[in-house]
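Residue-level structural notes
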Amino acid sequence: MISDDTRVTPRSGEIAAKVIDGEAIIMNLSNGLYYSMDPLGAAVWTMAQSGRSVGGIAEALADHFDVDRDAALRDVKELVTHLVSEELVDITAGGASPIAEGSGSVPDFAAELPYSPPVLNRYDDMADLLALDPPMPGLAGTGFNG
Amino acid sequence: MERSIAISTGTQRPASTGAADWTGADPRAEHGALVDGFAQAWERSVGRDEGWFVFIDRPVRLRVAGAALAADLFQAFSHLRIDPPSSSPALTVDLWDERETGVSLPGLGPVGDPNDQGETHVSEEGRFVVVARPLTRTVTDRKESHLVGWVARNDHLSLYELGRPLHSELLLWHKDRGALAIHAGMVARDGEAILLGGPGGAGKSTSSLVSLLAGFEYMADDYVALTNGPEGGYTGHSLYCSTHLEPHHLARFPELEPHAIPGRLPREDKSLVLLSQVRPAGLSRKATIRAVALPRIVDAEETSLRPASKVDSLLRMAPSSLLLLPYAGLVESEFERLGRFLEDIPTYWLELGRDLDRIPQRVGELLDRHV
């Protein structure tokens, strides 16, 4: 259940993500699925990584864009729900959390754009190939760097 | 059949006992046993060969006991061959063919269906990596940069193993040396290259081969090793001089057809062509990358160029380059590196129309713009 206090972080070891030219690209190394998010989605992702809660992100969006807080909150919760269901993030805090709210604001790459609900695009064309030829086990976890 | 992977905890037996159970439970012991096996084969074999090659500017020594196996392996890397250097090798590869040499090890034999992907086993500390395929077994000692292996019989190897020998083992060695393996083709003019990136079926092979036959220098149609070049640039390095083509694709290249080796196994629908047999003078080892072109097939008469966004470029290249690497878990840093590379280098769509003969012209235009 995603609440205003919910915070999320990318799943360690399985998810690789990069924001490039204001869009986010995320790869799930365990199943071959990959994703893209438009600048508003990338902004939500970036603020989440800086430690902002779902409510804090919605507030930042409402402060910056022409969108009311309830609508922004609804959009952020929907995106975060998708990120959780796709196993791209873990919920790290929720409810009455003692962790201080992060301070990330709307990133510059999204700041000049009009508001639109953030979108998560999903691509599955590599998933079957990965299932046929899975990679070696996580050599990074073995402590040997070659 | 799915390929199984496992991390072995294995006991710390002495490095060379001459015995192993070949289950993957003790990669270190397997390495020792294969070292013993190779030593016997090398000693006994009349038909043996040693060659030196350059991989990412480093000397690599390849010793093979078994004349036919040696001939086949050396062909895939022939464009990288060098005279023996005065320096030590950065990698030593020792392989023997049981059928040719008569040297076998207890319990070591063909396993599974020839179409199986095989298994990988890693010692607990990550130093020893076993790659077990139906007719081959190798162990890499990553600390000593020593790859030793057994081949049951060279004449039963798949076309993939002939065209891209030791593929996962060598990609890991490249990774350990800081090179980034990219799923791409690469062609050049006077040492200045265009990287042709994208997933399978995008047109990388076609674009690379048409360019080779039009007189460009050829480094790859499938895998390129990327390193940071001098003065902040990027260098692409060749690994194999092979190409694998489906029949309808091969039919576009009459010059390649006489050299095509058809598939041996039931699932092999592509033929192998060793380009060293077709245009040896057209093969190069490395070049400075000046731009990235992303081939894609379009419904148009003309082949054309248009700028590609960095997002489109990363979406186009990252999945096939990174998700299919043989060493998952190390990929996060590679993703960051690929992203930085694409941010630094000009990127274009190479839209392949029906006039494929214009591909070299478009490649030349990119080089004219960015060199």
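In case you missed it, the structure is sitting above this.
Since we're looking at a predicted model, the values are computed, not measured.

1. Considering the overall build of chain B
- A tally of helices and strands in chain B yields ten helices and 19 strands.
- In terms of overall size, chain B behaves like a compact globule, its C-alpha atoms giving a radius of gyration of 21 Å where 371 residues would be expected to give roughly 21 Å.
- Dimensions along the principal axes, computed over C-alpha positions, put chain B at roughly 60 × 45 × 40 Å.
- Across the 371 residues in chain B, those meeting the buried criterion constitute 60%.
- When contacts within chain B are restricted to residue pairs at least 6 apart in sequence, those whose partners lie at least 24 apart make up 70%.
- With an accessible surface of roughly 14200 Å², chain B has 48% of that area assigned to carbon and sulfur atoms.
- Here chain B contributes 39 positively and 51 negatively charged side chains, and the mean placements of these two sets differ by 2 Å.

2. Side note on the pattern of salt bridges
- The tally for this structure, following the rule as stated, stands at 30 salt bridges over all chains.
- Close ionic contact of B:Glu334 with B:Lys175 constitutes a salt bridge, the shortest N to O distance being 3.0 Å. You can see B:Glu334 sitting in helix α9 (residues 331-344) and its partner B:Lys175 sitting in helix α5 (residues 167-176), a full 159 residues away along the chain.
- On the accessibility criterion, B:Glu334 (1% relative accessible area) is buried.
- Among the ionic pairs, B:Glu365 bridges to B:Arg362, the shortest N-O distance being 2.6 Å. Here the residue B:Glu365 and the residue B:Arg362 both occupy positions in helix α10 (residues 359-370), the gap between them amounting to three residues, near one helical turn.
- In this structure, a network of salt bridges that share partners links the residues A:Asp4, A:Glu59, A:Arg69 and A:Lys77.

3. Some remarks on the packing of helix α8 (residues 310-323) of chain B against α9(B)
Residue and element names in this part refer to chain B.
- Look at α8 against α9: their axes get within 10 Å of each other, and the N-to-C directions meet at 145°. Note that α8 runs across α9; the crossing there is right-handed. Across from Lys310, Ser313, Leu314, Met317, Ala318, Ser321 and Leu322 in α8, the residues of α9 making contact are Val331, Glu334, Phe335, Leu338, Gly339, Leu342 and Glu343.
- Classifying every residue of the contact of α8 with α9 gives eight nonpolar, three polar and three charged.

Definitions and limits used
- Residues numbered from 1 in each chain as written.
- Chains lettered and ligands numbered in written order.
- Predicted model: local features only at pLDDT ≥ 70, side-chain atom pairs only at ≥ 80, totals over all residues.
- Heavy atoms only, no water.
- Helix = DSSP H or I, 4+ residues; strand = E, 2+ residues; numbered from the N terminus.
- Rg over C-alpha atoms; globule rule 2.2 N^0.38 Å.
- Buried < 20%, exposed > 50% of the residue type's maximum accessible area, 1.4 Å probe, protein only.
- Contact = heavy atoms within 4.5 Å.
- Areas by Shrake-Rupley, 256 points an atom, 1.4 Å probe, with all protein chains shown as cover.
- Lys, Arg positive; Asp, Glu negative; His and termini not counted.
- Charge placed at Lys NZ, Arg CZ, Asp CG, Glu CD.
- Salt bridge = Lys/Arg side-chain N within 4 Å of Asp/Glu carboxyl O.
- Axes fitted to C-alpha atoms, helices over the stretch in contact; angles between N-to-C directions.
- Left-handed = near helix turned anticlockwise from the far one by under 90°.
- Nonpolar A, V, L, I, M, F, W, Y, C, P; charged D, E, K, R; others polar.

By themselves, these observations are geometric and do not establish any function.
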